[in-house]
Structure formats: C-alpha cells, structure tokens
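Understanding the architecture of this molecule
Each chain, letter by letter, is given below.
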Amino acid sequence: MTVDHPDADPLESLIARRGEAALETLEELRAADPPTTGGRVLSYVYDSGLEGVDRVAVRAAGLAHGVNGLDPTVFGSVARIHREIVQRVRAILGGDPGDGPDVDDDEVHGVVTSGGTESCVLACLAAREVAGRAPGSGGTIVAPVTVHAAFRKAAHVLGMRFVGVEVDPASGRVSAADLLGAVDRDTCLVVCSASSYPTGVIDPVEQVAAGLDAHHDPRIGLHVDACLGGLVLPFWPGGVGSTWDLRIGRVTSISADLHKYGFAPKGTSVLLSRGRTRHRASWFSTVDWPGYPVVNPTLSGSKPLEPAAAAWAVLEALGDDGQSELVARTARATAVLVEGLSGIEGLRVIDSDPGPLIAVVADGSVGDDQRVHPHLWADECGRRGIAVQAQPAYRQERGSLPSSSHLTITPVTERLTDEILTVARASADAVRGLPDPSPPAAFADVLAALEAGALSPGDLLALPEDDVHAMVSGVLGETGGDDDGMAPLLAAIERLPAEVGGRLVRAYLAAVME
Ligand SMILES: *Cc1c(COP(=O)(O)O)cnc(C)c1O
C-alpha cells in the first residue's frame, strides 16, 4: 500500500522554500514599479478602475494555466475561447452580416494575437501575400506618418517598403487625396488609424475607401488600425462623427487590442479580415518536416491560453452595458481634462477627434517667457506622481509636428481629474518660461560634429556596436538619477537623424537591461 503524500518528495519542500524567496523578491520589485492601477500612469496601462475586472482576469488566467494554445484540436478550450473573442469583437466592429449596406455574406474572420504589433504585422503579411509580392520586391505599405510604428516594423521584418504620407503639421491630419496619391502599382496595403496614438486623430477611412474603390486594384488591402480605438470608439457617448469600421465594405482588415480598452491583461489583440483568402493568407502551415503537422495562425508556435482566457472572461463579464459605462466614464474624464489643461497658460491641447487620447504642445501664441515646454512639463508631472508620456517632434517637409506629451485616459481617471489638474498646473508653473531642454552632455560632441558636418549619419551608423554602447552608457551615467527625467534624451532624439536616433535608443534600452 502506498501513501499518496505530496510532501514525500523532498524536492517539493526545497522548491517551496526557494519559490517563496523568489516571490518575495518579485513583490519588492513590483512595489518599486509605477502603479499599474489607480490612474496615476497615463500611458501603457488601461485601468477600468474596477478591482473585480482584474480579479476575473487573474482567475481566468489561473484556470487556463498550462494549456498550449498551439493546438485547438487537442485543447478544445482554445478553439472556443478564440472563436468567441472573434465573434464578439466582430459584432462591435460592424463585421456581422447585415451590419452595414456593404457587409454581405463575405464573412469576416479573425485571429486572436499576442498584441497590436502582431495584429498589424500579420495584416501586412496577408496584404503582401494577397498581392502576390515576394519579400524584397518593393511591395509597399502606404500610411500617414502618424500611423503606429508597428507598420514600420512590419515593413522591416517582411521585406516591404513603408511609405509615410505627410500630415498637416498643425492638425496632425492626413488628407485622403494625399494618401491615395501615394498608392501605385507597388502598393499592397493602405493603412488608416482609428485613432492614431500620437495625435488622437481618426483618419478619413470612408474617403480613402471610396478612392480605392473607384481607382485602384481591388487586391490592395485597406487596413484600419483600431488597436487603440476598437473597443472604445464604438461606445463613445454621442458617437465619433465618422464611420471607420467594417461597415465600410472596402475595409479589408482591422485590428483591435483587448489589452487596451478591453481592460484585459497584456497579451491579447484581434485581427479581423474580410474573406477567407485574406484571413488565411498570413497563416503558416507545413507538413514538410519529420515532426507534427504545423499550423500557426500567428507568429508564435507554442503559446499561452492565459491572456486570451482572461480577455474572454473580461469581455463576458463586462458585456455591452459594462463596456458602455466604462467608456462613458472615460469620456467624462477626457472632457474635464481637456478643459482643465486648455486653461493652463503656455500649454495647448491639440484639437483632435472624439476619443480617449490627449496630446499637449507648447502654446506658440504666447511669448517665450510664458511658454511651457511639454517635455519639461511631463518630467515635472512625473516628479509629482503623475506619469505622462513625452513624444518627440517629428520632422516632415511640410513642417514638423511639434514636441508633445501624451495622456491616455481610462475609466479610473475620472476619480483623479482634480489631482491630475492640480499637478498639471503646478508643473506648468515650475517650468513656464524655461529654455527648451538640451541633449545630455555625453551627446554634445556627437551632435556638434553632426551639425557642423564633420560627422555624417553614415559615419555614426557604421560605428561598431560596442562604441555606440560606450557612448550611451555615458548618457545613462549622466541621467541615471531618478530626477533627471526624459527631456534631455528626447531633445537628443529631436536633433539626430531618425536612423541614428533609432540606433541610439536601441543601445540605450539594451544598456538599461544589461
Ligand atoms: C498600441 C497600439 C499598437 C501596437 O500595439 P501593441 O499592443 O503595443 O503591440 C498599434 N497601433 C495603435 C494605434 C496602438 O495604439
């Protein structure tokens, strides 16, 4: 007779002891992070403000623990959860038959991905495949320059070319005519955002769709990047004033992140595509190896069910009424903050479309002594416990988009608007009239040499990685203190050619992680 006693395995007690120690360390590390709930971090995190939402997500993830999402033929829960997420998001985004004059039985299908970037990359891959273009053959992705960086990444990894169409520097808006003007025989995909992350603008999807319909090859895809807006704009009180979703028949795919306004933990987004051909064009499958038949609808092989299970449970728990109420809270908080921030002397809120994003710039209509630089302001807000996100100026031939600071508003923000505005005013008072931030001293020589023409961007790009590392480590030493803020680094980025800036921020992050 055997006694089934778990403690009989000596390894169990050893692991329990070391596990406890690791968990204690993790708890300390997390306590030092900025809070992911509570509303004091106005980017990266999307807080419903309801503890119950997070509890449902954590329990659902626990129940899904251990499942390999790679194979829905083995784990039936994977198929069911993915199918129901897709059905729900499709209904929200106007993709059910009969939803619009243009939506017919050419059904909309979808995949659940690990996040917005993966959804966008897969949309580009499908477009390249549908267009029949090989990597490196010059197939293009045409998008406003304000589109998310994920599309530049997609071009990079898929051997495509990114064609950025300039926007009006004052409003951040692209004209449909300019976007359509960049479409040619090489175009595989046109992208519009709803909304654009840096500006909050909703691109003119209807006009772009009409132009593509009338004048261009039907194989060219039209993707709507609703990673941010997909689960918030459809519920915005009073609507958003334009149609941008699958009710427009010429829209061929759309992405929406559940880990943003679906209030789910990180790791879940949806890509919906019109028609089976485009839907399956980005899948990878093979039987040409000695192992199991491989079918990957997304980029990963083995994958967790946890994030999708959590997102599914949160969708079920919230329902349309819960989602509407959370978005109503978000909209009210946004209105209060826009009004309050607009009243701060020296700052200006960019006028954008309805939605939960606010971008703040320096008010160009006041004198230098009254102006508030948005990056210095962001750093000051951070020191006072409210984290807003600095965005560098963006150079275009039509004139630069100015330096700005970004705020993502979530339902929890409504409880904090007074505190946020108090901090915003005090921070503006602290930096009003200060000169623009300057780059870190460690970059001074390089910047001076570049600007004098003694060094070319090519020279910098040719530097061995160890030299770049040494340069950036100097900056880390300089800005390592908690109190230095991001303004100097942003100032360097604004003055460097974009390729060089990209290489330097890569080295910077790598050094942080080493
Ligand atoms: C967040 C975002 C993405 C990318 O999503 P990740 O989930 O961060 O990979 C793409 N587009 C827009 C508009 C976004 O806001």
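Residues numbered from 1 in each chain as written. Predicted model: local features only at pLDDT ≥ 70, side-chain atom pairs only at ≥ 80, totals over all residues. Heavy atoms only, no water.

A closer look at the nonpolar core
Note the threshold: By nonpolar core is meant a set of buried Ala, Val, Leu, Ile, Met, Phe, Trp, Tyr and Cys residues that side-chain atoms within 4.5 Å join together. Summary of the burial criterion: residues with accessible area below 20% of their type's maximum are buried, those above 50% are exposed, and those between are partly exposed, where the area comes from a 1.4 Å probe applied to protein chains only. Going along the chain from the N terminus, every DSSP run of H or I of four or more residues is numbered as a helix, and every run of E of two or more is numbered as a strand. Only heavy atoms matter for contacts: two residues are in contact if any of them lie within 4.5 Å across the pair.
The biggest cluster of nonpolar side chains holds 68 residues, and the ones touching the most others in it are Ile-85 and Trp-244. If you tally residues by element for this core, the top one is helix α9 (residues 306–342), at 10 residues. Residue contacts for Trp-244: discarding those within four places in its chain leaves Leu-93, Ala-194, Ile-202, Val-205, Val-224, Ala-226, Gly-229, Gly-230, Leu-233, Pro-234 and Ile-254. Residues Leu-341, Ile-358, Leu-421 and Ala-428 belong to the second largest nonpolar core, which totals 26 residues.

Some points on the side chain of Thr-140
Tracing the sequence through the fold places Thr-140 in strand β2 (residues 140–144). Thr-140 sits in the buried class, given a relative accessible area of 2%. Beyond its immediate sequence surroundings of up to four residues, Thr-140 is in contact with Met-160, Arg-161, Val-163, Asp-186, Thr-187, Cys-188 and Leu-189.

Observations regarding the site of the ligand
Filter applied, for reference: By convention in these notes, a residue is near a molecule or strand provided one of its non-hydrogen atoms lies within 4 Å of it. For the purposes of these results, a polar contact is taken to be a pair of N or O atoms within 3.5 Å, where, inside protein, one atom must be able to donate a hydrogen and its partner to accept one; residues adjacent in sequence count only when each atom of the pair is a side-chain atom. Working definition of accessibility: Shrake-Rupley area with a 1.4 Å probe, residue cover restricted to the visible protein chains. Throughout, the ten residues Ala, Val, Leu, Ile, Met, Phe, Trp, Tyr, Cys and Pro are labelled nonpolar, Asp, Glu, Lys and Arg are labelled charged, and all others, Gly among them, are labelled polar.
Surrounding the ligand, one finds Gly-115, Gly-116, Thr-117, His-148, Ser-195, Tyr-197, Asp-225, Cys-227, Leu-228, Asp-257, His-259 and Lys-260. Separating an oxygen atom of the ligand from a side-chain N or O atom of Lys-260 is a distance of 2.9 Å. Isolated, the ligand exposes 380 Å² of accessible area, and the fraction of that covered by the protein chains is 85%. Counted by class, the shell around the ligand contains three nonpolar, six polar and three charged residues.

Considerations on the sheet that holds β2
Our working rule: Here, strands pair whenever DSSP counts at least two bridges between them. Axis geometry follows a simple rule: fit a line to the C-alpha atoms, using only the stretch in contact for helices, then measure angles between N-to-C directions, giving values from 0 to 180 degrees.
Overall, mixed pairing links the seven strands, which are arranged β1-β7-β6-β5-β4-β2-β3 in an open sheet. The sheet terminates laterally at β1 (108–113) and β3 (161–165), the two strands that pair on one side only. Strand-to-strand twist of the sheet, defined as the mean angle between neighbouring strand axes without regard to direction, takes the value 20°. Relative to strand β6 (residues 253–257), strand β5 (residues 221–225) is paired through three bridges, and the arrangement is parallel. Bridged to Val-224 within β6 is Ile-254. Packing against the sheet, helix α7 (residues 205–215) makes contact with β4 (187–193) and β5, and its axis sits at approximately 170° to β5.

Concerning helix α1 (residues 10–32)
Let me state the cut-off plainly: Take the number of residues in a helix, subtract one, and multiply by 1.5 Å to get its expected span.
In a regular helix each residue adds 1.5 Å, so 23 residues correspond to 33 Å; α1 covers 34 Å between its end C-alpha atoms and thus fits that length. Near the N-terminus of α1, the side chain that reaches the backbone nitrogen of Leu-11, with its oxygen 2.9 Å away, is that of Asp-9.

Quick notes on the layout of surface pockets
Filter applied, for reference: Residues are said to line a cavity or pocket when one of their atoms sits within 4 Å of a point; the points come from a 1 Å grid over protein atoms alone, cavities being sets where a 1.4 Å probe fits but cannot get out and pockets being open sets with protein on both sides within 12 Å along at least five of seven lines. Grid points are joined across faces, edges and corners, and a volume is the space filled by probe spheres set on the points.
Within this model, the second largest pocket holds a volume of roughly 690 Å³. Along its surface, the second largest pocket is lined by 32 residues, and Pro-72, Ala-79, His-82, Trp-283 and Pro-297 are the ones closest to its centre. Put simply, the parts of the chain that give the lining of the second largest pocket at least two residues each are α3 (76–92), β1, α8 (276–281) and β9 (294–296). It is α3 that provides the largest number of residues to the lining of the second largest pocket, a total of seven residues. A class-by-class count of the residues in the lining of the second largest pocket yields 14 nonpolar, 11 polar and seven charged.

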